[in-house]
Amino acid sequence: MSGGSSIPQTKTARHEAIRALLAAEAIGSQEGLRLRLSQMGIDATQTTLSRDLMDMRATKIRDARGALVYTVPDVDGGPTHEAEAARAKAQASGQEIEPADEAPMEKIPVPLHDKCLVLGVEERRLGPLVFDPLRDQHLFLVGDGESGRSAFIRLMAHEIMRTNTPDEAQLVIVDPRRSLLGEVPEEYRLAYLTMNDDVEAELRGITSAIMEKRAPGDDVTVTQLRDRSWWSGPEIWVLVDDEDMMMSGMSNKLMPLDSLLAQARDVGLHVVIARRTGGAVMNDRVISKLRELGATGLLLSGSPDDGGVIGRVKAVPASPGRAQVVARSGGVYRAQLAWQPRSE
């Protein structure tokens, strides 16, 4: 280990170092990459490197001299190596691109319990894509038309009902185009709001009731705060389809939720939003708040010309339900969302 190195031994720092090395040097083996990382003061086993390269969507391609070298997409989809620039050209011409699979990939365990919502299949763990409501409160999705936004909200609704009784979960559906009409039975439905309703006033009433009944007072003990035992009742799930239709200029009809987002775990609130891509995403105050709070984002099909949609991550054309998952840890990986048929 080189003296005086201050590089932290974290996955994020290791990924940044790998990306920088592959951008600057022609490295064609995991052992060569491991040695260069070691010289930088970063220790990693071959198993760890195999997992890193899989997470970073690494491939091997021939450089200008004909040698096979590793290359990975940048976090915004841009190239990190001269070989990456040739990758799209090779794919278009039908040339085979060799995957970075020198060593067996160790599967990362998937955290599953009876409250986990199964949303699809993801490539990072080579297993189910799950949303764990005991760990995370909020989720948002951005995609172009016909990319699977409404199908995702429908899937979320059915997964919530699959894993909870009406006494355990109540749903507030904000559905401007009525795409979820008939999907949520009355016993699970706290409110169903369309463009014909005063959405802002209805949400203000719901959030006021939550605060009145569930906000922790001065008499709540540390133990009660930890166990969330000072109130009882169902988790409240606010599912919003076409959230962009709730916006007018800088105003957003969902803003009554803003005061509860940061303390959502304390009061049993979950917010799940789907909206269209486009420049307005950057000005969406609700999405921005969710990102600040570390919510995972899903990015469906869209145009790269829109620029960074979730941070620096750009949308790319994709089939319906094909997503880039932007995790709160900073990682980006791909997934295929499950298909939930419409209720008859």
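The structure this text deals with has already been given above.
Summary of the structure given here. Here the structure is a predicted model, which is why all the values come from computation and not from measurement.

Rules of the game
Residues numbered from 1 in each chain as written. Predicted model: local features only at pLDDT ≥ 70, side-chain atom pairs only at ≥ 80, totals over all residues. Heavy atoms only, no water. Axes fitted to C-alpha atoms, helices over the stretch in contact; angles between N-to-C directions. Helix = DSSP H or I, 4+ residues; strand = E, 2+ residues; numbered from the N terminus. Parallel < 35°, antiparallel > 145°, perpendicular 65-115°, else oblique. Contact = heavy atoms within 4.5 Å. Nonpolar A, V, L, I, M, F, W, Y, C, P; charged D, E, K, R; others polar. 1 Å grid on protein atoms, 1.4 Å probe; cavity = no way out; pocket = protein on both sides within 12 Å on 5 of 7 lines; lining within 4 Å. Points joined across faces, edges and corners; volume = space filled by probe spheres on them. Buried < 20%, exposed > 50% of the residue type's maximum accessible area, 1.4 Å probe, protein only. Pairing = 2+ DSSP bridges.

A word on the packing of helix α1 (residues 11-24) against helix α3 (residues 46-55)
Two measures define how a pair of helices packs: the angle their axes make with one another and the distance between the axes.
At step 1: Contact geometry for α1 and α3: axes closest at 11 Å, N-to-C directions at 75°. With respect to their mutual orientation, α1 and α3 come out roughly perpendicular. Taking contact as the criterion, the partners of Lys11, Arg14, His15 and Ile18 in α1 are, on α3, Thr48, Leu49, Asp52, Leu53 and Asp55.
At step 2: Its residues assigned to classes, the contact of α1 with α3 comprises three nonpolar, two polar and four charged.

Notes on the layout of surface pockets
At step 1: Volume-wise, the second largest pocket comes out at about 380 Å³.
At step 2: Every residue lining the second largest pocket is counted, 22 residues in all, and those nearest its centre are Ser147, Gly148, Arg149, Ser150 and Ala151.
At step 3: Breaking the lining of the second largest pocket down by element, the ones donating at least two residues are α5 (149-163) and β17 (332-337).
At step 4: The element contributing the most residues to the lining of the second largest pocket is α5, with five residues.

Focus on the packing of helix α2 (residues 30-39) against α3
At step 1: One can describe the packing of α2 onto α3 by two numbers: an axis separation of 10 Å at closest approach and a directional angle of 105°. If you check the angle between α2 and α3, you find them roughly perpendicular. Mapping the contact onto sequence places Gln30, Leu33, Arg34 and Leu37 in α2 and Gln46, Leu49, Ser50 and Leu53 in α3.
At step 2: Of the residues belonging to the contact of α2 with α3, the class tally is four nonpolar, three polar and one charged.

So, the pairing of strand β12 (residues 269-276)
At step 1: Burial within β12 is extensive, with seven of its eight residues counted as buried.
At step 2: Pairing of strand β6 (residues 139-143) with β12, which is carried by five bridges, proceeds in the parallel orientation. Across the sheet, the residue bridging to Leu139 is Val272, located in β12.
At step 3: Looking at chain direction, strand β9 (residues 235-240) and β12 are connected through five bridges and run parallel.

Quick notes on α3
At step 1: The complete set of buried residues in α3 reads Thr48, Leu49, Ser50, Asp52, Leu53 and Asp55.
At step 2: Those residues of α3 that are buried lie in contact with α1, α2, β2 (68-71) and β17.
At step 3: In the stretch just after α3, Arg57 is the one whose phi turns positive, near 60°.

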